[in-house]
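Here is how the chains run, residue by residue.
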Amino acid sequence: MNLIVSGTGALGMEACRLLAARREPTRALVRARSNPEKLAELKGLGAELATGDLKDPASLKAACEGVSAIISAATSVHSQEIGDSIDTVDRQGQLALVDAAEAAGVQHFVLVSFPQVAVDFPLQSAKRAVEDRLRRSRMSYTILQPTFFTEVWLSPALGFDPANGKATIYGPGTNKTSWI
């Protein structure tokens, strides 16, 4: 059984589609208030739905039961849920997920992250902490570090705040960026 964390998100939904095409048993971790249309789409793909939240370790424990592989594409960057933040979701929640996965005997964990940037900021610190925890786990793991997702990186939380006329340039500002 595969567990897709953030099953209703763009990457999570695509992972569920690809697994369904391969007839792989899949469970999607979704929130209680997830979009009903997206939940119906997941069910139509044959995914088992596990209601939970990265901020709720008990729900993670239940979601990881019987799972051999996890793909976690979750982030708080777009969230408008009360209590969601880079610390509660991207750091503490993902760390709790790694702990729950290891305790449940998950064999492989895939984390969606991003390449290191020379500027220190909270999301990078959170991602690096989870990557370090994965490296110390007993699981095999894959850390994906794709380039920038436009809808995530071009936001005030990560330094692009057009409403206030501010933008953060990562790196020397001379390299081309391949936006996804």
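This is a predicted model, so every value here is computed, not measured.

Draft legend 1. Inspection of the overall build of the chain at higher detail. Counting secondary structure elements, the chain contains six helices and eight strands. Per-residue burial for the chain yields a buried fraction of 45% across its 180 residues. Of the roughly 9,600 Å² of accessible surface on the chain, a fraction of 53% belongs to carbon and sulfur atoms.

Draft legend 2. Local environment of the nonpolar core. Counting 25 residues, the largest nonpolar core has Leu3, Val5, Ile70, Leu97 and Phe109 as the members making the most contacts within it. For this core, the secondary structure elements donating two or more residues are strand 1 (2–5), helix 3 (57–64), helix 4 (86–104), strand 5 (108–112) and helix 5 (122–136). Residue contributions to this core peak at seven residues, all from helix 4. Setting aside anything within four residues of it in sequence, one finds Ile70 in contact with Leu3, Val5, Cys64, Leu97, Ala101, Val106, His108, Phe109 and Val110.

Draft legend 3. The arrangement of the packing of aromatic side chains in detail. This model, assessed by the stated rule, comprises one aromatic pair. Aromatic pair Phe114 and Phe121: ring centres 6.0 Å apart, planes at 10°, arrangement stacked. Here Phe114 matches Phe121 in class, with each residue buried.

Draft legend 4. Summary view of the side chain of Ser113. Mapped onto the fold, Ser113 is located in the loop between strand 5 and helix 5. Given the relative accessible area of 5%, Ser113 is considered buried. Within polar-contact distance, the side chain of Ser113 engages the side chain of Arg128 at 3.0 Å. Polar side-chain contacts of Ser113 include one of 2.5 Å to the side chain of Glu131.

Draft legend 5. Expanded view of the pairing of strand 3 (residues 48–51). In terms of strand pairing, strand 2 (residues 26–30) meets strand 3 through four bridges, oriented parallel. The residue of strand 3 that forms the bridge with Val30 is Thr51. With helix 2 (residues 36–44) bridging strand 2 and the parallel strand 3, this β-α-β connection has right-handed handedness.

Draft legend 6. Main features of helix 2. Two to three positions downstream of the cap, the backbone nitrogen of Glu37 sits 2.7 Å from a side-chain oxygen, assigning the N-cap of helix 2 to Asn35. Looking at the residues trailing helix 2, positive phi occurs at Gly46, about 90°.

Calculation rules
Residues numbered from 1 in each chain as written. Predicted model: local features only at pLDDT ≥ 70, side-chain atom pairs only at ≥ 80, totals over all residues. Heavy atoms only, no water. Helix = DSSP H or I, 4+ residues; strand = E, 2+ residues; numbered from the N terminus. Buried < 20%, exposed > 50% of the residue type's maximum accessible area, 1.4 Å probe, protein only. Areas by Shrake-Rupley, 256 points an atom, 1.4 Å probe, with all protein chains shown as cover. Core = buried A, V, L, I, M, F, W, Y, C linked by side-chain atoms within 4.5 Å. Contact = heavy atoms within 4.5 Å. Phe/Tyr/Trp six-rings, centres within 6.5 Å; stacked < 30°, edge-to-face > 60°. Polar contact = N/O pair within 3.5 Å; in protein donor to acceptor, adjacent residues only side chain to side chain. Pairing = 2+ DSSP bridges. Right-handed = clockwise from strand over helix to strand, strands pointing away.

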